[in-house]
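Structural description and commentary
Each chain, letter by letter, is given below.
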Amino acid sequence: MAKKQTGANIGFEEKLWLAADKLRGSMDASEYKHIILGLIFLKYISDKFCEQRDWLIQETGDPDSEYHTRNERDQLVVLEDRDEYAAKNVFWVPSTARWEVIQKEAKRPTIGQTIDNAMDLIEKENKSLKGILPKNYAKPEVDKRRLGELIDLISTIDMMGHHEEQDLLGRIYEYFLGKFAAAEGKGGGEFYTPACVVRTLVEMLEPYKGRIYDPCCGSGGMFVQSEKFTEAHGGQKTDLSVYGQESNPTTWRLARMNMALRGIECNLGDQWADTFHNDKHPDLKADFILANPPFNISDWGGEKLKDDKRWTHGVPPAGNANFAWVQHMVHHLSPSGTAGFVLANGSMSSNTGGEGDIRKALVDADLVDCMVALPGQLFYSTPIPVCLWFLRRKKRQGCKGEVLFIDARKMGAPADRTHMELTKDEISVLAQTYHSWTGRDESTAYSDVTGFCAVVPTENIRKNDYVLTPGRYVGSEAQEEEYVIFENKMNGLCAELSQLMEKSKECDQRVCRALKRCGFDV
């Protein structure tokens, strides 16, 4: 029976994960993912460079080609013309930084320094990569024998043997980011938004053209999916102007590499920075905002920003950043902009620290367009159920003074033992429901579906104390709703327990390794 694919379907996942195993025993997942992703990046851009160089050699030898020349010096000029590579979105890779050199040096104790030097050379030759490539292969913590074996294994992967190799590497990145997020467990996978959640946001917002912004962009998954959506619907990647920001230095570099691999022009700021205290795009008004802010952050420095101009709907509590994120995004929306983002379920009903008042102000301002309750266990970083918020500056005439509520808690299929994912058909149903209500899809008339979706006037939301939980409005039976909530809660607790047990095993192994290094066997 064919093995079920739950993430990127690239055909050699097991070989890639086997590569990760080469280092898994000697360092934490949070460290070895950068080692492996850096090597994959290096192999890919080297292979692309050599492919273009081989093509130029072939063309200069072809009498029917405009590149044809019998003069060796002229041929060398063509081969060394960097414009011939840049025109095909191929990075310039110096001779000593190419993969064939790395592979030859793989078994030498100096291989770490060789790789660091290669990364440094590539950065110097390619302005867009300056300061983002990992250069930590020479450090003592990286086992050079295992590193050599890893290089041998990656060398066997044919990255150019596919018709859509650029997208192929993007899918490799997506696959690895997901696997590493799962391996790191709760907390460690915070930079990774599950692909099905990103696709849901993108399919509902439909960012065809304009300025797109993610104030906490992580590895850039929202941008990648938006670019895919645009091209799949006949647009060009240049139709979107991409803006982002990320506070974690390592993740910021990861996002830059991810964008470079895809050939996506972007502005992620001149360096990593805290979005609240050092907004890198203070004057930006975006047409689309997609985000998955970290949930319930308590130490975001809110007490220093009480008079910030972004808090037009109320000062967010210093102990929780959820509504600081919401208002930061509202502040950056263009007059006709729309935003879709993920928040913890508590954001739909909490009254702590004035959150209820901010939610009330957002509803009364007619900014809230749609609320979607998602099933639990979708995220690697948390087992709790989450929701999607959709805000719109300018609603169409028939939608003013109303909010669409969708209860998708019964959706989702098992992705593995502890995680769920939304299927392609389920994402289509969510998007179509939203579009039929907003009028974007005129082929299907919208109608409420008991237990799934309902359009609710602001007046009714006011009578419910501005609670935005879809289950309160879609008319599901109380008994069934309580059962689903109980089942979700138990599933979440079981998933959390499973992750803690896995973490316990890892801790035991680390203690054993530490004792062994001191000469004690356990």
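Keep in mind that this is a model prediction, so the values were computed, not measured.

1. Brief notes about the overall build of the chain
On a plain count of helices and strands, the chain comes out with 16 helices and 11 strands. With 522 residues in all, the chain has 53% of them scored as buried. At a minimum sequence separation of 6, the contacts of the chain that also span at least 24 residues come to 72%. Only carbon and sulfur atoms are counted for the fraction: they give 49% of the accessible area of the chain, which is about 24,400 Å².

2. Some thoughts on the packing of aromatic side chains
Centre distance and the angle of the planes are the two values used to describe a pair of aromatic rings. This structure, assessed with the given rule, holds 14 aromatic pairs. Taking the centre distance of 5.6 Å and the plane angle of 65° together, the rings of tryptophan 252 and tryptophan 272 count as edge-to-face. Of this pair, tryptophan 252 sits in helix α11 (residues 249–262) while tryptophan 272 sits in the loop between β3 (266–267) and β4 (286–291), and the two are 20 residues apart along the sequence. Aromatic pair phenylalanine 323 and tryptophan 389: ring centres 5.9 Å apart, planes at 85°, arrangement edge-to-face. One end of the pair, phenylalanine 323, is in helix α12 (residues 322–331); the other, tryptophan 389, is in strand β7 (residues 386–392), and 66 residues separate them in sequence. Across this residue pair, the class does not change: phenylalanine 323 and tryptophan 389 are buried.

3. A closer look at helix α14 (residues 424–438)
Between its first and last C-alpha atoms α14 spans 21 Å; for 15 residues at 1.5 Å apiece the expected length is 21 Å, and the two agree. Residues of α14 that are buried sit in contact with α9 (195–205), β6 (368–373), β7, β8 (402–407), β10 (420–421) and β11 (453–457).

4. A look at the environment of histidine 233
By the element assignment, histidine 233 lies in the loop between α10 (221–232) and β2 (240–244). The spacing of histidine 233 and glutamate 206 is 27 residues in sequence and 9.8 Å in space, taken between C-alpha atoms.

5. A closer look at helix α6 (residues 111–125)
Over its 15 residues, α6 extends 21 Å from the first C-alpha to the last, a length consistent with the 21 Å expected when each residue adds 1.5 Å. Among all positions in α6, only Ile111, Gly112, Thr114, Ile115, Asp116, Ala118, Met119, Ile122 and Glu123 are buried.

6. What to know about the nonpolar core
Within the largest apolar cluster, 93 residues are counted, with the highest numbers of intra-cluster contacts made by Leu39, Ile115, Leu147, Ile151, Val372, Phe390 and Leu430. Tallying contributions element by element places helix α2 (residues 29–60) first for this core, with 12 residues. Mapping this core onto the domain boundaries places at least three of its residues in each of domain 1 (14–183) and domain 2 (185–472). In contact with isoleucine 151, not counting residues within four places along its chain, are Leu39, Trp99, Ile102, Gln103, Ala106, Ile111 and Ile115. Counting 40 residues, the second largest nonpolar core, distinct from the first, contains Cys216, Ala286, Leu305 and Ala324.

7. Some words on the side chain of aspartate 369
Mapped onto the elements, aspartate 369 comes out in strand β6. Sequence-distant contacts of aspartate 369, that is, excluding residues within four places in its chain, are made with Phe390, Leu391, Arg392, Lys395, Val403, Leu404, Tyr434, Trp437 and Thr438.

8. Regarding the packing of α9 against α14
Contact geometry of α9 with α14 gives a least axis separation of 9 Å together with a crossing angle of 25°. One element, α9, and the other, α14, form an angle in the roughly parallel class. For the element pair α9 and α14, the recorded crossing hand is right-handed. In this structure, α9 contributes Cys196, Arg199, Thr200, Glu203 and Met204 to the contact, and α14 contributes Ile427, Leu430, Ala431, Tyr434 and His435.

9. Focus on the confidence of the model for the chain
In this model, the chain carries an average pLDDT of 85, and 84% of its residues clear a pLDDT of 70 or more. Confidence over residues 1–10 falls short of pLDDT 50; this stretch has 16 contacts with residues more than four positions distant or in other chains. Counted against residues more than four places away or in other chains, residues 163–167, with its pLDDT under 50, gives 13 contacts.

10. What to know about unusual backbone geometry
Non-glycine residue glutamine 377 carries a positive phi angle of around 65°. Checked against the element boundaries, glutamine 377 lands in the loop between β6 and β7. A positive phi is found at tyrosine 466, a non-glycine position, where the angle reads about 65°.

11. With respect to the sheet that holds β6
The mixed open sheet is built from nine strands, whose spatial order is β3-β2-β1-β4-β5-β7-β6-β8-β11. Every other strand in the sheet has two partners, leaving β3 and β11 as the edge strands with one partner each. The sheet contact formed by strand β1 (residues 210–214) and β4 spans two bridges and is parallel. Along β4, the bridge assignment pairs tyrosine 213 with isoleucine 289. Contacts between α9 and the sheet are confined to β4, β5 (333–344), β6 and β7, with β5 contributing the most and set at about 155° to the helix.

12. Let's talk about the pattern of salt bridges
Applying the stated criterion to the full structure yields 19 salt bridges. Among the ionic pairs, arginine 409 bridges to aspartate 407, the shortest N-O distance being 2.8 Å. Residues glutamate 459 and arginine 462 are paired through a salt bridge, measuring 2.5 Å at the closest nitrogen-oxygen approach. With glutamate 459 and arginine 462 both in helix α15 (residues 458–463), this residue pair falls three residues apart, about one helical turn.

13. Remarks on the packing of α9 against α10
At a closest axis distance of 9 Å, the pairing of α9 and α10 adopts a crossing angle of 50°. Judged by the inter-axis angle, α9 sits oblique to α10. Considering how the two elements wind past one another, α9 and α10 form a crossing that is right-handed. Judged by residue contacts, Val198, Arg199, Leu201, Val202 and Glu203 of α9 engage Gly221, Met222, Gln225, Ser226 and Phe229 from α10. Split by residue class, the contact of α9 with α10 holds five nonpolar, three polar and two charged.

14. Side note on the pairing of β8
Among the six residues of β8, five are classified as buried, and the element is accordingly described as predominantly covered. Pairing of β6 with β8, which is carried by four bridges, proceeds in the parallel orientation. Counted as the bridge partner of valine 372 is isoleucine 406 from β8.

15. Considerations on a nonpolar patch on the surface
Taken together, the side chains of Val511, Leu515, Phe520 and Val522 make up a nonpolar region of the molecular surface, amounting to roughly 410 Å² of accessible area. Within the secondary structure, leucine 515 is located in helix α16 (residues 478–517).

16. A word on the environment of glycine 475
Topologically, glycine 475 is positioned in the loop between α15 and α16. Assessed through its relative accessible area of 45%, glycine 475 is described here as partly exposed. Counting along the chain gives 27 residues from glycine 475 to aspartate 448, while the straight-line C-alpha distance between them is 9.7 Å. In contact with glycine 475, other than residues within four places in its own chain, are Thr450 and Gly451.

Criteria and cut-off values
- Along each chain, residues carry numbers from 1 onward, in the same order as the chain's sequence is written.
- In keeping with the model being predicted, local features are shown solely for residues with a pLDDT of at least 70 and side-chain atom pairs are shown and tallied solely at 80 or more, while totals for entire chains, interfaces and linings include all residues.
- For the side-chain quantities, the full set of heavy atoms in the structure was used; hydrogens and water were omitted.
- Counting from the N terminus, the helices are the DSSP runs of H or I reaching at least four residues and the strands are the DSSP runs of E reaching at least two.
- In this scheme, a residue with accessible area under 20% of its type's maximum is buried, one over 50% is exposed, and one in between is partly exposed, where area comes from a 1.4 Å probe on protein chains only.
- In what follows, residue pairs with any heavy atoms lying within 4.5 Å of each other are defined as contacts.
- Shrake-Rupley sampling with a 1.4 Å probe provides the accessible areas, and residues are treated as covered by the protein chains on show and by no other component.
- What counts as a ring pair is set by centres within 6.5 Å for rings of Phe, Tyr and Trp (its six-membered ring), and what kind of pair is set by the plane angle: stacked under 30 degrees, edge-to-face over 60, tilted for all other angles.
- One less than the number of residues in a helix, times 1.5 Å, gives the span that helix is expected to have.
- For this analysis, a nonpolar core means a set of buried residues of the types Ala, Val, Leu, Ile, Met, Phe, Trp, Tyr and Cys, connected via side-chain atoms within 4.5 Å.
- The split into domains, and so the bounds of each, comes from an automatic or database assignment of domains.
- Helix axes are fitted to C-alpha atoms over the stretch in contact, other axes to C-alpha atoms as well, and angles between N-to-C directions run from 0 to 180 degrees.
- Any angle that is under 35 degrees is reported as roughly parallel, and any over 145 degrees as roughly antiparallel; angles of 65 to 115 degrees are reported as roughly perpendicular and all others as oblique.
- Helix crossings get a hand from a simple test, with the near helix turned counterclockwise from the far one by less than a right angle marking a left-handed crossing and a clockwise turn marking a right-handed one.
- Confidence scores here are pLDDT values: one per residue, from the predictor, ranging 0 to 100.
- Think of it this way: DSSP has to see at least two bridges between two strands before they count as a pair.
- What counts as a salt bridge is simple: a side-chain nitrogen of Lys or Arg found within 4 Å of a carboxyl oxygen of Asp or Glu.
- Ten residue types, Ala, Val, Leu, Ile, Met, Phe, Trp, Tyr, Cys and Pro, are classed as nonpolar, four, Asp, Glu, Lys and Arg, as charged, and the remainder, Gly among them, as polar.
- For patch building, the residue pool is restricted to those with more than 30% relative accessible area and no salt bridge; the joining distance is 9 Å between like charges and 5 Å between nonpolar side chains (Val, Leu, Ile, Met, Phe, Trp, Tyr).

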